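Take a look at the letters that make up each chain.
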Amino acid sequence: MSRARLGALLAIAAVTFATVISFQPVRAQINEDRRVIIVFVADSSFEELLSIPDVASLARAGGAALLARSEPLVEILHAGAGRGVVRAIVDPRGAEEIHVANLVERAVQNLFVQPDEVLVIVIGADFGDLSSAADGGIVLAAGGLGEPGDVFSETGEQGSLTSDSTRRNGVVLGDDVRPTIAAYLGTNADRGSTVGEPIRIIEGPPPYELYDRYRAQRRLYVPIGTAAAVYVIGAGVLAIGLLARGRRAPVAWRRVMGWASLSIPMLATGLLAAGHLPELSYATAVPMVAIVTVFGTMAFSPLERAETTLVPFGIGIAVLIAFVLEAASGWAGMLTPLLGGSQLDGGRFYGLPNVALGLLVGSCLWVAHRLGTVAGFALLCGAGLFAGLPFLGADLGGAVTSFAAAGLWVAVRERDRLAIAKGAAVTVAVTAIGTAVILVSHAFSPFETHVTRFESDTNGIDGMIGTLVDRLEAGFDLIARNPAALIPVVGLPIALFVALRPPPPIRATFQRWPAWRDAVVVTFVAGIVAYLVNDTGPAAAGLFFGLGLGGMVGVSLLAPTGKMEAE
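From a predicted model like this one, the values you see are computed outputs, not experimental measurements.

S.K.: Looking at this structure, I do not really get the overall build of the chain. What am I missing?
M.R.: Along the backbone of the chain there are 21 helices and eight strands. The long-range share in the chain, meaning contacts at least 24 apart out of those at least 6 apart in sequence, stands at 78%. Per element, the accessible surface of the chain, about 23,600 Å² overall, is 62% carbon and sulfur.

Here's what the structure looks like:
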C-alpha cells in the first residue's frame, strides 16, 4: 500500500469519529475512566500497516502482531462493539499519509466523557477478500492521554502481541478483539457466538521475520509439494508395474523402486522439518528435503540383511522420535512447513496439524507390527494421547483416529479369537473411551482450545451429526479447490480391497509376514476414519494412503523372491 493510497481518509475519519458507535446494553457497568478506540485501515497487510509512522510509534507503546481470521471483525467494522468503543474506518485509496494520532485525538474530543486512559487498536486487513490466513496486522497500546497523542510518543523498541487462542508470540485472531475490549473495560459483555482470548502485550520485536518466512513458505510449498507428489505418484506407478511383472522385472529396478516406496515417511518428515530451516528458499529447502528422504531412508538398509520388515520398523521409530522432538520445540516447524497446512493459514495455530496425522499413526503401525498385540495397542493409544491432549497435539480428530486405529489393531490381530462382532465392539469401546479422556482433559484445560470450542458448539447428538456433516462438506470443498486431493480419498478403499484380496506378489509377502499385512490393513482403515472425523478430511487421509500403499508395495519389492515360508 503506497503512501499515495494512504490518506484521503481524514475527511472520512472526521465524519466516522463523530461519537460512540452503539449503545448496546452490557451485563456489567463499564469503567468510565477508560475508552477503546479502534482504527480500521482497509486493504492493508501487516507490513503495510507497520510502515505507517504513527502505527510504528504505537507499537513502541504496546505491540504488534500478525492477524489471522479477520472475519469476526466485520461485525465490529459495520456495527461497532458496544458502549465505550469508538471506531474509525480508514479507506487508504487516494491518500498520501495516515495520521492515526490525529484520528485518536479527534475521537477523544468527541466523547461525552473524557477518559483517563484509552486502548488504541489499529487493524489492517483486506475486508473485501476475507481470509483465515495471517495476512493482516494488528497494533495496540493502552495509556494515558494527559496530552492528546501521548500513547504515540513512546520511544525505544517495539513490542509484540499474543493470546491463548494461538499460543504463538506475534500471532492473534480476529476473535480475540472482543475479549480484549471486554477485559480492558471491565465488562462481561455478551460476545454472542464469538470465541477468543484477550490479547496480551509481550516483550520482543513484532513478527517481521515470521511474516517474511510465511510469505516464503507460501511461495515454496506449492511447487515443492507438487514435485514431491509427482515423485510419490511416479514411484507408486512404477512400483506397481514392477510387481505386476513379477520375477520378470529386473532385480535392480525392484530394489530401487522398493526403497523409493519406503521413503515416503522420510519425504514427509523432511517436508515438515523444513519449517525449522534458518532461511526458507529453494537453495536451502530442496537439498534438505532430498538429504532427509534419501539418507534418512537408506540409513536403515543394514536392517534388510536381518529381515526386510525391520526396515519399516526402523523408519517408523525414527519418525516417531522426530514427532517427539517437534512437540518439544512447541511445534515450531509446523508454522511454515513445506508439506502444506501451515498453522498461520488459520486452521490450527499449535499442536498436530491434520496433514501430519497419517505420518504419526502410520509410523506407529510400522513399529507395532514388530511388537506384541498389547505393546502395539499401547503405542497407538499413546499416539492418541499425544495427538489429543491440550498441552500436546490438541487435535480431537487426530485422537479419535489414533484410538480407532488402536482398537482396530486389537480386532485385526486377534480376529480368530474375537470374530467380527467382538472385534467391532472392542474398536468402538476403545475409540469411545479414548475420546472421552481427551474431551475431559480439554474441559479442565486452563485455556481455550480447538476441542473446547467443539465441546461448546456441539449440542447433543444432533449437534454432533451437524458437525460431522459440516466437516464432510469442508472436505468436499477442499477437493473442489484441489482435485488432486481426490487421489487418497478414492485410493484408500481401492488399496484396502487390494490388501484384503492381494495379488500373488503381495500375497506372498503377507503370508510370510502376517503382522505386516495387519499393519497395512489397519493403516488403510484408519485413513478412512481420518477422512470422516477431520474437517480437512482429504489432507488427513493423504499420508495414510501414502504410508499404507508405499509400505505394502515397498516390502513386497524388497522381499526375497525365493520360496516363502509362513511365520
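On we go.
S.K.: Looking at this structure, how should I read the packing of aromatic side chains?
M.R.: What characterises a pair of aromatic rings is the spacing of the ring centres plus the angle enclosed by the ring planes. All chains considered together, the criterion is met by four aromatic pairs. Taking 5.7 Å as the distance between ring centres and 55° as the angle between the ring planes, the aromatic pair formed by W331 and F386 counts as tilted. Here the residue W331 occupies a position in the loop between α11 (310-328) and α12 (357-368), and F386 occupies one in helix α13 (residues 373-388), the gap between them amounting to 55 residues. The class of W331 is buried, set by a relative accessible area of 4%. Looking at F386, the relative accessible area reads 14%, which means it is buried. Aromatic side chains W366 and W516 sit 5.8 Å apart centroid to centroid with 65° between the ring planes, which places their arrangement in the edge-to-face category. Of this pair, W366 sits in helix α12 while W516 sits in helix α20 (residues 514-533), and the two are 150 residues apart along the sequence. Residue W366 is classed as buried on the basis of its relative accessible area, which comes to 3%. Residue classification places W516 among the buried positions, given a relative accessible area of 0%. Members of the aromatic cluster, joined through ring pairs, are F46, Y208 and Y211. Of note, R167 hangs over the ring of Y350, and the distance from its end group to the ring centre comes to 3.6 Å.

S.K.: Help me out: how do you make sense of helix α10 (residues 282-298) in this one?
M.R.: Two residues of an α-helix separated by three or four positions point the same way, owing to the 3.6 residues in each turn. Taking 1.5 Å per residue as the helical rise, α10 with its 17 residues ought to reach 24 Å, and the 24 Å between its terminal C-alpha atoms agrees with that figure. Within the span of α10, buried status applies to A285, M288, V289, T293, G296 and T297. In a view along the axis of α10, the buried residues occupy a sector of 125°, so they form one face of it. Those residues of α10 that are exposed and aimed more than 90 degrees away from the buried face are A283 and F295. The secondary structure elements touched by the buried residues of α10 are α7 (208-245), α8 (251-262), α9 (264-273) and α11.

S.K.: What exactly am I supposed to notice about the pattern of salt bridges here?
M.R.: Two side chains with opposite charge may pair up if their charged atoms get near one another. Throughout the structure, instances matching the rule amount to 12 salt bridges. Across the salt bridge formed by D212 and R215, the nearest N and O atoms sit 3.3 Å from each other. Placement of the pair is D212 and R215 together in helix α7, with a separation of three residues, close to one helical turn. D212 gets classed as partly exposed once you look at its relative accessible area, which sits at 39%. According to the relative accessible area criterion, R215 is partly exposed, its value standing at 33%. E414 is paired through a salt bridge with R417; the nearest N and O atoms lie 3.5 Å apart. Judged by relative accessible area, which is 22%, E414 ranks as partly exposed.

S.K.: Looking at this model, I keep getting lost on the packing of helix α18 (residues 486-500) against α20. Mind explaining?
M.R.: Two quantities define a packed helix pair, namely the angle between the helix axes and the distance between the axes. The N-to-C vectors of α18 and α20 enclose an angle of 155°; their axes lie 9 Å apart at closest approach. In terms of their interaxial angle, α18 and α20 are classed as roughly antiparallel. The handedness of the crossing between α18 and α20 comes out as left-handed. Where α18 abuts α20, its residues V489, L492, A495, L496, A499 and L500 lie against R517, V520, V521, F524, V525, G527, I528 and Y531. Classifying every residue of the contact of α18 with α20 by side-chain character gives 12 nonpolar, one polar and one charged.

S.K.: Where do I start with a nonpolar patch on the surface in this structure?
M.R.: On the surface, a nonpolar cluster with roughly 390 Å² of combined accessible area is contributed by I291, V294, F295 and M298. Among the secondary structure elements, M298 is positioned in helix α10.

S.K.: Explanation requested: unusual backbone geometry in the structure shown.
M.R.: Glycine aside, residues mostly have negative phi, and peptide bonds are mostly found in the trans state. In this structure, R69 is a non-glycine residue whose phi angle is positive, near 50°. Here R69 lies in the loop between β2 (63-68) and α4 (73-79). Taking the relative accessible area as the measure of exposure, R69 reaches 13% and is therefore buried. Non-glycine residue A419 carries a positive phi angle of around 65°. On the secondary structure map, A419 appears in helix α15 (residues 415-443).

S.K.: Before we go on, may I ask you to explain the side chain of E304 in this structure?
M.R.: Take E304: it is sitting in the loop between α10 and α11. Reaching out from E304, the side chain makes a polar contact with the side chain of R255 at a distance of 2.7 Å. Among all residues touching E304, those that are not within four sequence positions of it are R255, W259, V311 and L558.

S.K.: How should the pairing of strand β1 (residues 34-42) be read in this particular structure?
M.R.: Both faces of the sheet carry side chains from a regular strand, because those side chains alternate between them. The buried fraction of β1 is high, at seven of nine residues. In terms of strand pairing, β1 meets strand β4 (residues 117-125) through nine bridges, oriented parallel. Of the residues in β4, the one forming a bridge with F40 is I123. Bridge count for β1 against strand β3 (residues 85-90) is six bridges, and the pairing is parallel. For F40, the partnering residue across the bridge sits in β3 and is I89.

S.K.: Can you help me understand the environment of I37 in this one?
M.R.: Mapped onto the fold, I37 is located in strand β1. Linking I37 and V85, residues 48 residues apart in sequence, is a C-alpha distance of 5.8 Å.

Here is what the cut-offs are and how they apply
- Residues numbered from 1 in each chain as written.
- Predicted model: local features only at pLDDT ≥ 70, side-chain atom pairs only at ≥ 80, totals over all residues.
- Heavy atoms only, no water.
- Helix = DSSP H or I, 4+ residues; strand = E, 2+ residues; numbered from the N terminus.
- Contact = heavy atoms within 4.5 Å.
- Areas by Shrake-Rupley, 256 points an atom, 1.4 Å probe, with all protein chains shown as cover.
- Phe/Tyr/Trp six-rings, centres within 6.5 Å; stacked < 30°, edge-to-face > 60°.
- Buried < 20%, exposed > 50% of the residue type's maximum accessible area, 1.4 Å probe, protein only.
- Lys NZ or Arg CZ within 6 Å of the ring centre and 35° of its normal.
- Expected span 1.5 Å × (residues − 1).
- Arc of directions from axis to C-beta.
- Salt bridge = Lys/Arg side-chain N within 4 Å of Asp/Glu carboxyl O.
- Axes fitted to C-alpha atoms, helices over the stretch in contact; angles between N-to-C directions.
- Parallel < 35°, antiparallel > 145°, perpendicular 65-115°, else oblique.
- Left-handed = near helix turned anticlockwise from the far one by under 90°.
- Nonpolar A, V, L, I, M, F, W, Y, C, P; charged D, E, K, R; others polar.
- Patch = residues over 30% accessible without salt bridge, like charges linked within 9 Å, V, L, I, M, F, W, Y side chains within 5 Å.
- Polar contact = N/O pair within 3.5 Å; in protein donor to acceptor, adjacent residues only side chain to side chain.
- Pairing = 2+ DSSP bridges.

These results come straight from atomic positions and should not be treated as a statement about function.
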